[in-house]
2 protein chains.
Amino acid sequence: MARHLLLLTLSLWLSCCSSYKYETYFFKQKVDHFSFADQDSFIQRYLISDRHWDHRGGPIFFYAGNEGDITLFAENTGFMWDIAPEFNALVIFAEHRYYGISLPYGNKSFTEPKYSGYLTSEQALADYVELLAYLKTVIRGAKNSPVIVFGGSYGGMLAAWFRIKYPHIVQGAIAASAPILQFTGLTPCEKFGQLVTADFAKESKECAEVIRKSWAAIDAVTADDSGLAWLTKEWKLCKPLKGKDDVKTLKAYLMDVWTNLAMVDYPYPSDFLAPLPAYPIKEVCSQLTNPGHGPKLLLEELFSGLTVYVNFTGETKCVNIDQQADVRLDDQGWDFQACTEMVMPFCYDGVNDFFEPADWNFEEYAENCHQKWGVYPRPMMAPKIYGGKELSAASNIVFSNGNLDPWSTGGVLWNVSDSVVSVIIPEGAHHLDLRGSNPNDPESVIDARRVEKEFIKTWINEYRSAHNLIGNDIKNTNTFEVEEPHL
Amino acid sequence: MARHLLLLTLSLWLSCCSSYKYETYFFKQKVDHFSFADQDSFIQRYLISDRHWDHRGGPIFFYAGNEGDITLFAENTGFMWDIAPEFNALVIFAEHRYYGISLPYGNKSFTEPKYSGYLTSEQALADYVELLAYLKTVIRGAKNSPVIVFGGSYGGMLAAWFRIKYPHIVQGAIAASAPILQFTGLTPCEKFGQLVTADFAKESKECAEVIRKSWAAIDAVTADDSGLAWLTKEWKLCKPLKGKDDVKTLKAYLMDVWTNLAMVDYPYPSDFLAPLPAYPIKEVCSQLTNPGHGPKLLLEELFSGLTVYVNFTGETKCVNIDQQADVRLDDQGWDFQACTEMVMPFCYDGVNDFFEPADWNFEEYAENCHQKWGVYPRPMMAPKIYGGKELSAASNIVFSNGNLDPWSTGGVLWNVSDSVVSVIIPEGAHHLDLRGSNPNDPESVIDARRVEKEFIKTWINEYRSAHNLIGNDIKNTNTFEVEEPHL
C-alpha cells in the first residue's frame, strides 16, 4: 500500500532563477504548548522580509510552513511575493517544527516517541500563534497589523485550521490545494487514484490503458531472473532488480511518478525533482499509445513515457527507484505525521483507476506505524479537532483547488458561506495559484489569484473597520504583554 | 497575596433536599490529546440521565465539569434539570480531569509535572470532545443530536471556549459567570476587590468601613502575646494565634470570607460551607455599624458579622482558619491550574476597596508556583489560545453575569454580536441563573433563564434546519467512525 507524500511542488522556473530576498531569524518555542509535563524548548527558524512593508500597520502575510525546509517554500510561493508590494505587506515564512533545521530534539528528534511525539499540527499551529504574538510586540508598527495566512497542500490545511482555531490571530486564510477532507469517513479512499488516472485518460484512453496494463506486464516479465535482468537494463535502473521486494519498490516508485505528474502538470516548464516540460502528462502520453502490446514491448513503451519524468534533460545516467520522488521534502517527518494524525486513506481497484488494486487496510497500516514509530495512529484526531466537513462556524477562508490535482478530491469544493468559499481552477494542478505569475498561466489561475486578492482586501478592511483603526491605532484589541522568558 | 478559588457555589436549599437521578459511567481518555509522547490513558467519570430524553435526536445538555467532584455540580446546576423535560434533553455531566475521581495518575497525579502537567483547560476540552463523539456513536438516537454546553464559573469559561474552539461539536453555550477576561492585560487587577467592597458598601458605608479598618485593628491588637490570646478567645479560633504567620493566615481567611459572601449573596437561604441566611451580606452588615470603634471593640463587632458566615446555625464550636472557604472543591487541582494557565491577577489598594493594600507581583507569584509545583506559570497562554476579548468570530454563546458577583468584573458584559450576547442579572450573585428555580428568585434571574432558553431553542432549530434534519436524519454531517481502541 503506497502512501503519497502530501507535498508542495518545489518547481522552479527553468527560464529564470527566481530568488526572493529575506532575513533569517530564530525564535524560542515551547515543545509542548498544551501541557506542562514537558517544559523543554527549541529553536524555530523563520524568514522575514519588510522590503515592501508599510510600518504604519501594513498587513502581515504569513506562510504556515509545512513538511519541508522553509526556504524551499519561500522560493516556491511566488504569489505572496508578487502581491506583497501592492498590499505593502510584511512577508513571513515560518518553518514547521521537525522540518528543515527546526528540530526540537536535534538528531534525536525522530528516535522515539518522547522526542518525536510533539510533531502534530496542533503544536505547529500553536508555534505560529506564539511567533506572531511575539513579532507583533517587537516589530515596530506591527502591533495592529491584520494577518493573512497562506499555505499550500498540508500548509493549506494548516492555513485553514489556523483561521478556524485562532480567528483572533489571523484575519483570513488562503488555503491552496488543502485536502482537509482526506480523512477516514470524509472522502472515499478511491477518489484520489481515480483523478490521477483521469488526468492521463484525458490525454488519451490508450495512455491510461498502457499504465493500467503495466503492473501485470511487470509481474510477467520479472517472473524469472532473465526478465529481472532485462528490465534492469531496459529501464536503466541504478541497482539491479533482484526479486519480489525490488519489484514492489519499483511499482511504488511508478505509483509516485504517475501521481506526482498529476500534481505538477503545470502549463510551463518546471523543475520538480527532475526538470519537466510544460504539460508533462501530455508529453508522457504522447509515448504511451499501444496498450495492445505484449509485456516487453509495453514496458519498453512505458519507459519512453517514464523518461519524460526521469530524464527530460537527457542527463540522467540511471534511474534510482530507492529515491522518493520528493527528496527535497523531509520524508521522515511526514511519515511520522501520516502514522499519527495525518492518516489519509487511499485505495485502488485497477478498474476505475489505472493502479494495481489495493484495499485500504487500516489495521495493517496501524501495526506498521507502531513498529516504525512506536505509536498508533489516531485517524479521527484531525477531523474531531478541526471539524471535518462541518465548517459552518468558520469564516474568511478561500479554499482553492485545481481540477487536475488529485488532492482536490479531499478538498473543500463548495461555498460554505459568503466568506468561506471554494475557488476552482479547471486547468490547475497542485496549488498552481500559490506559484509566481507566469506568462503561460491559464486564465483560470489568473482569475483565482484575482479573487484571492479581493478576499484579502475585504478581510483587511473588515478588520480595520471593526477595530476602529484610525491611522495606526486600534481600539478594543488585546494587548499581549511580553511574557517572562521562563522557557 | 491571597488568591481566590474560582468556585461554583455549592449551596443546597435548606428547605429541601434536592437530588437528581442519574447513572454514573466511565470513559477511557487519552492523557495527552495533542501529542504522542505520553500515550497513557485514564478513566474519566461522567453522569448521564435520559429520563426526559427524546431518543429520536433530542438535544444533549452537556455540563462542562470544572474544579470539583462532578456529583456536586450535578446537584447544584438545577437549571439544566429544570428545563430538560421541556427540551426532551439528554443530560450529561462530565468530570474535569484531575478532579473528583477522574485522576489521570491516581494518587501520584499531583506529585510532579510529568503527572500533573496534563491538567490544562485544553486537555479537558479535548476530553469532552472525545466523550461526546463517543456517546453520539453508542447512544441510540444521539448521532444527530444538537449539543448545548453549560457551565458556571471556570465551567462557564470552559463552556464558552468549547463553543469557540469546537463549534462542530457543540451548537451553543450557556456560560454563566465565566470570567474569561480575568487575565493579565485584559481586566485591571483591582476591579475584583472593588466589587466585593461595593456589595458591602451597598448595605451601608459603615459596614465596608468596619472591614476596611479591621486589618489595622488586627495588627494593633496582635502586636503582643496578650492581644493574640485575646483575639483567639474572642473569635473562638480553633487553634491559638501564635505570631505573624498565623495573623497572615487569619487575614487571608477573612479575605476569602468577604469574597465568598459577595459570591453567594443569594436571595434565599443556602448552604455553601456553613449554612447561610438569605441575603447574607445584609445580615453581616446589620452587625457592622461602628467604624469609629477602637481596635478591640471594632474586632468584637467584626466577629458579630463574621458569625453570620461561620456560625449561622449556632453549632460551630470553633473557627478553623486553616480550612479554606471552599473545602468541597479540590483546591489542589485549582492551585495547580492557577499556577500554570489560570493566572488571574488580583490587587487591592485599601482605598477603593476595603482590603489590605497588596500589589499584583507576578515575579513573586511565579517563583512561588515554581517552588510548589515545579512549573512556571504561562499567564498569556489562555488569552492567546482562546482569544481574550477578541470574540468577533465566535457565535452562539450567552455570557450571563450577576452584578453582585465579583467575578463579573472579568466577564463579557457587552453584546459581541447577535449570537454572542451578554445577559446581566442585576440582583444576581455567582451564576445564580444556573441554580434551580426558587420561589425567592428575583425577576431578573427568571428573565435571564427565559432568554437563555430562547437562545437554546434558536440554536437547536438552526442546527436542525442547517443540517436538513428530517425526522431523525441529518445530511451533510460527518460520520465519526469508532476508533480502534489503541489507547
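Residues numbered from 1 in each chain as written. Chains lettered and ligands numbered in written order. Predicted model: local features only at pLDDT ≥ 70, side-chain atom pairs only at ≥ 80, totals over all residues. Heavy atoms only, no water.

1. Some thoughts on the domain arrangement of chain A
Residue and element names in this part refer to chain A.
- Each assigned domain of chain A is listed with its residue range as follows: domain 1 (9-183 + 387-466) and domain 2 (194-325 + 343-368).
- The centre of domain 1, based on its C-alpha atoms, is set 32 Å off from the matching centre of domain 2.
- Contacts between the two partners involve 27 residues from domain 1, matched on the other side by 22 residues from domain 2.
- Across the contact surface, domain 1 and domain 2 share zero salt bridges. (Domains from an automatic or database assignment. Contact = heavy atoms within 4.5 Å. Salt bridge = Lys/Arg side-chain N within 4 Å of Asp/Glu carboxyl O.)

2. Overview of the pattern of salt bridges
Residues and elements named next belong to chain A.
- Evaluated as defined, the whole model comprises 34 salt bridges over all chains.
- One salt bridge connects Lys-202 with Glu-203, and the closest N-O pair in it is separated by 3.6 Å.
- Salt-bridge contacts for Asp-322 lead to Lys-239; the nearest nitrogen and oxygen are separated by 3.0 Å. Remark: Lys-239 occurs in the loop between α8 (225-234) and α9 (244-263) and Asp-322 occurs in the loop between α11 (295-310) and α12 (331-338); sequence separation between them is 83 residues.
- On the basis of relative accessible area, Lys-239 is assigned to the exposed category, the value being 55%.
- Salt bridges sharing common partners tie together Glu-86, Lys-453, Glu-454 and Lys-457. (Helix = DSSP H or I, 4+ residues; strand = E, 2+ residues; numbered from the N terminus. Buried < 20%, exposed > 50% of the residue type's maximum accessible area, 1.4 Å probe, protein only.)

3. So, the interface of chain A and chain B
- Contact with chain A, which involves 60 residues of that partner, is made by 60 residues of chain B.
- Each partner contributes to the roughly 5100 Å² buried at the junction of chain A and chain B, and carbon and sulfur atoms together form 58% of this total.
- At the boundary of chain A with chain B, the tally comes to two salt bridges.
- Residue Lys-384 of chain B is joined to Glu-130 of chain A by a salt bridge in which the shortest nitrogen-to-oxygen separation is 2.9 Å. (Buried area = accessible area lost by both parts, 1.4 Å probe.)

4. Regarding the state of the cysteines
Residues and elements named next belong to chain B.
- Evaluated as defined, the whole model comprises eight disulfides over all chains.
- Here Cys-207 engages in a disulfide with Cys-285; their sulfurs sit 2.0 Å apart. Disulfide Cys-207 to Cys-285: torsion about the S-S bond roughly -65°, handedness left-handed. Here Cys-207 is found in helix α7 (residues 205-221), whereas its partner Cys-285 is found in helix α10 (residues 280-287), with 78 residues between them in sequence. Residue Cys-207 shares its accessibility class with Cys-285, and that shared class is buried. (Disulfide = S-S within 2.5 Å.)

5. Things to note about a nonpolar patch on the surface
Residue and element names in this part refer to chain A.
- A cluster of nonpolar side chains, contributed by Phe-26, Ile-43 and Ile-101, occupies part of the molecular surface with about 290 Å² of accessible area.
- Checked against the element boundaries, Ile-101 lands in the loop between β5 (90-94) and α3 (113-116).
- Exposure remark for Ile-101: the relative accessible area of 49% places this residue in the partly exposed category. (Patch = residues over 30% accessible without salt bridge, like charges linked within 9 Å, V, L, I, M, F, W, Y side chains within 5 Å. Areas by Shrake-Rupley, 256 points an atom, 1.4 Å probe, with all protein chains shown as cover.)

6. What to know about the nonpolar core
- Grouped together as the largest cluster of nonpolar side chains are 321 residues, with contacts concentrated most on Trp-258 of chain A together with Trp-258 of chain B.
- Dropping the residues within four chain positions of it, Trp-258 of chain B is found in contact with Val-196, Phe-200, Ile-211, Trp-215, Val-284, Leu-302, Leu-306 and Phe-354 of chain B. (Core = buried A, V, L, I, M, F, W, Y, C linked by side-chain atoms within 4.5 Å.)

7. Examining the sheet that holds strand β7 (residues 172-176) of chain A
Residue and element names in this part refer to chain A.
- If you trace the eight strands from one edge of the open sheet to the other, you get β2-β3-β5-β4-β6-β7-β10-β11, paired in mixed fashion. Each edge of the sheet is formed by a strand with only one pairing partner; in this case those strands are β2 (23-30) and β11 (420-425). Between one strand axis and the next, the sheet turns through 20° on average, direction left out of account.
- The sheet contact formed by β7 and strand β10 (residues 397-402) spans four bridges and is parallel. In the strand pairing of β10, Ala-173 is matched with Ile-397.
- Contacts between helix α5 (residues 154-165) and the sheet are confined to β4 (60-64), β6 (147-152), β7 and β10, with β6 contributing the most and set at about 150° to the helix. (Pairing = 2+ DSSP bridges. Axes fitted to C-alpha atoms, helices over the stretch in contact; angles between N-to-C directions.)

8. Structural notes on the confidence of the model for chain A
Residue and element names in this part refer to chain A.
- Of all residues in chain A, 90% attain a pLDDT of 70 or more, and the chain-wide mean is 91.
- Counted against residues more than four places away or in other chains, residues 7-17, with its pLDDT under 50, gives 53 contacts.
- Per-residue pLDDT stays below 50 along residues 471-487; that stretch engages in 47 contacts with residues further than four places along the chain or on separate chains.
- Scored as a whole, the predicted complex attains pTM 0.92, and scored at its interfaces, ipTM 0.91. (pLDDT = per-residue confidence, 0-100.)

9. Thoughts on the sheet that holds strand β10 (residues 397-402) of chain B
Residue and element names in this part refer to chain B.
- Here eight strands make up an open sheet; going across it, the order is β2-β3-β5-β4-β6-β7-β10-β11 and the pairing mixed. The sheet is open, and its two edges are formed by β2 (23-30) and β11 (420-425), each paired on a single side. Within this sheet the neighbouring strands show an average axis-to-axis angle of 20°, counted without direction.
- Its contacts with the sheet place helix α5 (residues 154-165) against β4 (60-64), β6 (147-152), β7 (172-176) and β10, and it is angled at close to 150° to β6.

10. Quick notes on the relation of the copies chain A and chain B
- Relative to chain B, chain A is turned by 180° and slid 0.0 Å along the rotation axis, the superposed coordinates differing by an RMSD of 0.1 Å. The superposition of one copy onto the other is thereby described by a two-fold rotation axis. Closest approach to the rotation axis among the C-alpha atoms of chain A is made by Lys-165 of chain A, whose C-alpha sits 3.0 Å away.
- Both copies present the same face, since 100% of the interface residues in chain A are matched by interface residues at the equivalent positions in chain B. (Least-squares fit on C-alpha atoms with pLDDT ≥ 70 in both.)

11. Some thoughts on helix α13 (residues 362-373) of chain A
Residues and elements named next belong to chain A.
- Taking 1.5 Å as the rise per residue, α13 with 12 residues should run 16 Å; its terminal C-alpha atoms sit 16 Å apart, in good agreement.
- Burial in α13 covers these residues: Phe-362, Tyr-365, Ala-366, Cys-369 and Trp-373. For α13, the buried positions fall inside an angular range of 95° around the axis, keeping them on one side. In α13, the exposed residues that point more than 90 degrees away from the buried face are Glu-364 and Gln-371.
- For α13, the secondary structure elements touched by its buried residues are α3 and α12.
- Of the residues flanking the end of α13, it is Gly-374, one or two places downstream, whose phi is positive at about 75°. (Expected span 1.5 Å × (residues − 1). Arc of directions from axis to C-beta.)

12. Comments concerning the packing of helix α4 (residues 121-138) of chain B against α5 of chain B
Residue and element names in this part refer to chain B.
- At their nearest, the axes of α4 and α5 sit 11 Å apart, and the two run at 65° to each other. With respect to the hand of their crossing, α4 and α5 are arranged in right-handed fashion. Between α4 and α5, the residues in contact are Ser-121, Leu-125, Tyr-128, Val-129 and Leu-132 and Tyr-154, Leu-158, Trp-161 and Phe-162, respectively.
- Looking at side-chain class alone, the contact of α4 with α5 contains eight nonpolar, one polar and no charged residues. (Left-handed = near helix turned anticlockwise from the far one by under 90°. Nonpolar A, V, L, I, M, F, W, Y, C, P; charged D, E, K, R; others polar.)

13. A few points about the environment of Asp-219 of chain B
Residue and element names in this part refer to chain B.
- Examined against the element boundaries, Asp-219 turns out to sit in helix α7.
- A relative accessible area of 35% places Asp-219 in the partly exposed class.
- Between the C-alpha atoms of Asp-219 and Met-342, which are 123 residues apart in sequence, the distance is 32 Å.
- If near-sequence neighbours (up to four positions away) are discounted, Asp-219 is found in contact with Val-247, Lys-251 and Glu-356.

14. Observations regarding the side chain of Thr-120 of chain B
- Here Thr-120 of chain B lies in the loop between α3 (113-116) and α4.
- For Thr-120 of chain B, a relative accessible area of 0% gives the class buried.
- Residue contacts for Thr-120 of chain B: discarding those within four places in its chain leaves Phe-34, Ser-35 and Phe-36 of chain A together with Glu-341 and Met-381 of chain B.

15. Re helix α6 (residues 191-201) of chain B
- Of all the residues in α6 of chain B, the buried ones are Phe-192, Gly-193, Leu-195, Val-196, Thr-197, Asp-199 and Phe-200 of chain B.
- Lining the buried residues of α6 of chain B we find α7, α9 (244-263) and α10 of chain B.

16. Remarks on unusual backbone geometry
- Positive phi outside glycine occurs at Tyr-279 of chain A, with the angle close to 45°.
- Among the secondary structure elements, Tyr-279 of chain A is positioned in the loop between β9 (275-276) and α10 (280-285).

17. Regarding the packing of aromatic side chains
- Enumeration according to the criterion identifies 69 aromatic pairs over all chains in this entry.
- Relative to Phe-34 of chain B, the ring of Phe-34 of chain A has its centre 4.5 Å away and its plane inclined at 35°; by these criteria the two rings are tilted. Of this pair, Phe-34 of chain A sits in the loop between β2 and β3 (41-49) while Phe-34 of chain B sits in the loop between β2 and β3 (41-49), which puts the two residues in different chains. The same class applies to Phe-34 of chain A and to Phe-34 of chain B, which are both buried.
- These aromatic residues form a ring-pair network of at least three members: Tyr-20, Tyr-22, Tyr-63, Phe-73, Trp-81 and Phe-93 of chain A.
- Arg-378 of chain B extends its terminal NZ or CZ atom over the ring of Phe-36 of chain A, reaching a point 4.1 Å from the ring centre.
- Geometry around Tyr-266 of chain B places Arg-435 of chain B over its ring, the cationic atom sitting 4.8 Å from the centre. (Phe/Tyr/Trp six-rings, centres within 6.5 Å; stacked < 30°, edge-to-face > 60°. Lys NZ or Arg CZ within 6 Å of the ring centre and 35° of its normal.)

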